[in-house]
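Spelled out, the chains give:
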Amino acid sequence: MTDAPALLKIENLTTVFGGLKALSEVSLEIVPGQAIGLVGPNGSGKTTLVNTVCGLYRPASGRVILEGIDITGHRPHSIARAGINRTFQIPKPFKDLSVYENVKVSSIHSRNHAPIEEVLARVNLREFANHPISELTAAQQKRLDLARAVALEPKVIFVDELAAGLTPGELHEVAEMLKEFQALGIALIVVEHLMGFLEQVVASVLVLSAGRTIFAGPLRNALADEEVKRVFLGGESDAGN
Amino acid sequence: MQSTDSKMKRLVGPTIATLVPVIAFALAIHVYSNELLLTYMAIYVALAQGVNIMYGFTGYLPFGYFGFFGIGAYVSGLVMLDYNFPPVVAVVIGGLGGALVGAILLPLFRLRGAYFAIGTLAASEAIYTIVANPSLQSITNGPYGLNLANYYSSGMAYGSAIGLVAISIIAVSYVRGSRFGLTLKAIRDDPYSASMAGVNVPRQRFYAWLISAAIAGMAGSIFGWATSVFYPQAVFDSSLSVLAIVFALFGGIGSVWGPTIGAILLYSVYNAIGISNPQYFQLIYGVVIVLLVLFAPRGLLGFWNFIAQTLRSKRKKND
Ligand SMILES: Nc1ncnc2c1ncn2[C@@H]1O[C@H](COP(=O)(O)OP(=O)(O)OP(=O)(O)O)[C@@H](O)[C@H]1O
Ligand SMILES: [Mg+2]
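Conventions adopted
- Residues numbered from 1 in each chain as written.
- Chains lettered and ligands numbered in written order.
- Predicted model: local features only at pLDDT ≥ 70, side-chain atom pairs only at ≥ 80, totals over all residues.
- Heavy atoms only, no water.
- Buried < 20%, exposed > 50% of the residue type's maximum accessible area, 1.4 Å probe, protein only.
- Helix = DSSP H or I, 4+ residues; strand = E, 2+ residues; numbered from the N terminus.
- Pairing = 2+ DSSP bridges.
- Right-handed = clockwise from strand over helix to strand, strands pointing away.
- Domains from an automatic or database assignment.
- Contact = heavy atoms within 4.5 Å.
- Buried area = accessible area lost by both parts, 1.4 Å probe.
- Salt bridge = Lys/Arg side-chain N within 4 Å of Asp/Glu carboxyl O.
- Polar contact = N/O pair within 3.5 Å; in protein donor to acceptor, adjacent residues only side chain to side chain.
- Nonpolar A, V, L, I, M, F, W, Y, C, P; charged D, E, K, R; others polar.
- Donors = N, O, S within 2.8 Å, 3.2 Å for Na, K, Ca; no water.
- Axes fitted to C-alpha atoms, helices over the stretch in contact; angles between N-to-C directions.
- Expected span 1.5 Å × (residues − 1).
- Near = heavy atom within 4 Å.
- Areas by Shrake-Rupley, 256 points an atom, 1.4 Å probe, with all protein chains shown as cover.

**A few points about the pairing of strand β8 (residues 187–191) of chain A**
All names here are of chain A. Counted residue by residue, β8 has five buried out of five residues, so it is predominantly covered. Here β8 shows no split at all, with A187, I189 and V191 on one side and L188 and V190 on the other all buried. The pairing of strand β3 (residues 35–39) with β8 spans four bridges and is parallel. Each bridged residue has a counterpart across the sheet, and for L38 the counterpart in β8 is V191. Pairing of strand β7 (residues 156–160) with β8 involves five bridges; the strand directions are parallel. Its bridge partner lying in β8, V156 is registered against A187. Crossover connection from β7 via helix α6 (residues 168–183) to parallel β8: handedness right-handed.

If you want it as structure tokens, here you go:
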């Protein structure tokens with residue numbers, strides 16, 4: 001544990017869809033440059049946490065605090081400008097714009113007009129700058145999401161399954177990329193199923209199951225935790241004890 | 001970091017796109033003497049460009065576009081009649097009136113797709129009902145419309161219409177080439193992604209809507225002035241929206257030239273055959289909208305680009 005003041009504090013966040021509590025009293029704290037893994041089986045609420053923090057859904061209760069300021073329920077663009085950004089599990093590029101223009105949209109609205117070429121280089125998309133989106137693979141489109149996020153000069157980025165479907169070589173490349181962002185002081189919350197990938201990037205994890213936190217702590221301990229093992233190996237049922 | 005040279009180069013296209021139609025309209029009057037018809041044609045070019053800003057850059061189809069047009073005709077007509085404003089100033093005030101109503105109708109943006117189209121239509125019908133209401137006769141002259149015969153000047157009205165053509169094309173060129181336009185395109189592609197790129201989505205849409213409404217307001221003002229005597233149903237006419245949308249779609253939405261060409265071509269056709277059988281023409285235009293949206297979303301200009309590209313790639317292969 002570090003004793004630096006928290007950059008982002010998520011307190012007892014709860015999100016409800018109709019009768020379904022997709023997220024239930026989840027809390028998390030992260031300091032600048034830290035990386036935390038967010039894991040859990042399908043449907044456990046990982047993306048819902050990202051969507052709620054980033055203003056797509058309004059939480060039923062709980063708070064999101066960035067650098068001491070309560071931004072719960074703020075509109076998405078204010079949250080983004082305040083310094084929280086994200087990528088999408090299913091990439092969401094601006095499909096009628098070129099790769100360069102996609103990043104330019106963020107850069108225009110960033111405080112210091114982030115240099116677009118440089119941002120593209122950071123996610124290995126520089127040589128695609130003038131290409132249309134349709135020429136990118138899904139993995140490249142996810143990196144473009146990341147580039148757009150980075151161009152807004154964020155303090156925290158939620159990375160939603162960036163590694164899915166990559167070859168081992170590409171996985172290593174993406175892990176290095178994320179570590180470089182960390183080195184710049186950006187905090188990362190990495191949603192991921194692939195443990196091998198997570199090990200390269202994060203030291204600690206938050207494990208969700210059916211919207212609840214079932215573990216928070218060092219990744220190594222998580223792998224040894226009985227309940228975590230049960231959730232991952234024994235199906236997705238809640239062993240309510 | 002843009003060199004002034006490349007900045008100048010980027011101004012060439014918009015300048016030509018503005019000057020060619022303006023000069024063509026200015027010369028047309030010496031060839032074809034029906035000035036009122038040419039005035040209407042110029043008004044339709046401006047309306048089609050207004051639709052272009054709205055639909056081409058935000059994806060919101062404003063079926064109720066005629067509401068701004070009618071408000072413009074009334075606001076400008078009333079400031080002429082009641083306060084004796086010179087017509088050209090009244091036209092600008094009519095544009096502001098259109099924009100003001102646009103601001104009032106802002107909540108319609110909560111509606112998506114077809115609901116927005118229908119919502120604007122309903123709002124404009126409501127405005128018409130209010131303006132034409134006999135109980136407002138002391139202000140709007142109710143169902144009897146306005147008589148601007150004292151201000152009639154066909155030449156000045158035509159000149160103003162040509163000026164509005166220039167304004168609308170410059171507005172579209174600006175939107176296309178600017179950061180504002182890039183932001184609008186991003187919003188059109190994915191509003192939530194755009195907001196995570198730091199874009200205040202409702203505000204940017206609102207600006208486009210205001211520009212578009214102001215153009216319609218000025219177009220309505222010039223229409224009223226040129227027509228000189230009009231009933232409320234003549235300026236609050238949903239077929240104005242239909243025509244403007246068809247012209248813009250036919251020529252090619254999102255481009256600078258498309259709506260200009262679409263409006264000039266189709267309005268000529270409309271006058272050649274449509275006037276005698278208007279009911280069939282409405283029907284045909286309805287069908288044309290559907291076909292265009294389904295099969296040629298980029299209109300004539302999109303089709304042209306497609307052919308040009310195909311030819312170019314063929315030539316490359318042959319080399
Ligand atoms: N917009 C929504 N409306 C209704 N239910 C939703 C919505 N979004 C998510 N859910 C539900 O909330 C639960 C959590 O979904 P979520 O997408 O957060 O899971 P996840 O952990 O990201 O899963 P995965 O690993 O498959 O991406 C699921 O039961 C899902 O069906
Ligand atoms: Mg998910």
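**A short note on the domain arrangement of chain A**
All names here are of chain A. We note that the domain assignment places domain 1 (1–83 + 154–241) and domain 2 (90–153) within chain A. Residue-level contacts link 16 residues of domain 1 with 13 residues of domain 2. In total, about 1,300 Å² of surface goes out of reach between domain 1 and domain 2, with carbon and sulfur atoms giving 66% of it. Of all residues in domain 1, P154, M177 and F181 give up the largest surface area on contact with domain 2, accounting jointly for 35% of the area buried on that side. We note a salt bridge from R122 to E180, for which the minimum N-O separation is 3.8 Å. Connecting domain 1 to domain 2 are two residue pairs in polar contact (both at pLDDT 80 or more). Broken down by secondary-structure element, the contributors of at least two residues to the side of domain 1 that touches domain 2 are α2 (76–82), β7 and α6. Looking at the side of domain 1 that touches domain 2 residue by residue, the classes come out as eleven nonpolar, no polar and five charged.

**Some details on the coordination of the magnesium ion (ligand 2)**
Residue and element names in this part refer to chain A. Of the protein atoms, only T47 (OG1) and Q89 (OE1) coordinate the magnesium ion (ligand 2), at distances of 1.9 to 2.2 Å. Taken together, the positions of T47 in helix α1 (residues 46–53) and Q89 in the loop between β6 (84–86) and α3 (99–109) put the pair 42 residues apart, joining distant regions of the chain. Judged by its relative accessible area of 34%, Q89 is partly exposed.

**Focus on the sheet that holds strand β9 (residues 204–209) of chain A**
All names here are of chain A. Read across the sheet, six strands follow the order β6-β7-β8-β3-β9-β10 without closing on themselves; strand pairing throughout is mixed. The open sheet has two edge strands with one neighbour each: β6 and β10 (212–218). Strand-to-strand, the axes of this sheet are offset by a mean angle of 20°, without reference to chain direction. Bridge count between β9 and β10: six bridges; the pairing is antiparallel. Counterpart to V207 in the pairing with β10 is F215.

**Section: helix α12 (residues 238–251) of chain B**
Residues and elements named next belong to chain B. Look at α12: 20 Å from first C-alpha to last across 14 residues, which is about the 20 Å you get at 1.5 Å a residue. Most of α12 sits inside the fold, with twelve of its 14 residues counted as buried. Where α12 is concerned, the buried positions are S239, L240, S241, V242, L243, A244, I245, V246, F247, A248, L249 and G251.

**Focus on the side chain of A:K46**
Residue and element names in this part refer to chain A. As for its position among the elements, K46 is in helix α1. A distance of 3.1 Å separates the side chain of K46 from the backbone oxygen of P41, its partner in a polar contact. Filtering out sequence-adjacent residues up to four positions away, K46 remains in contact with L38, V39, G40, P41, E161, V191, H193 and L208.

**Observations concerning the site of ligand 1**
All names here are of chain A. Around ligand 1 lies a shell of 15 residues, among which N42, K46, T47, T48 and Q89 are the nearest. With respect to ligand 1, the backbone of S44 contributes an N or O atom lying 3.2 Å from an oxygen atom. Take G45: an N or O atom from its main chain is 3.0 Å from an oxygen atom of ligand 1. Taken by itself ligand 1 offers 630 Å² of open surface, and the protein chains cover 64% of this.

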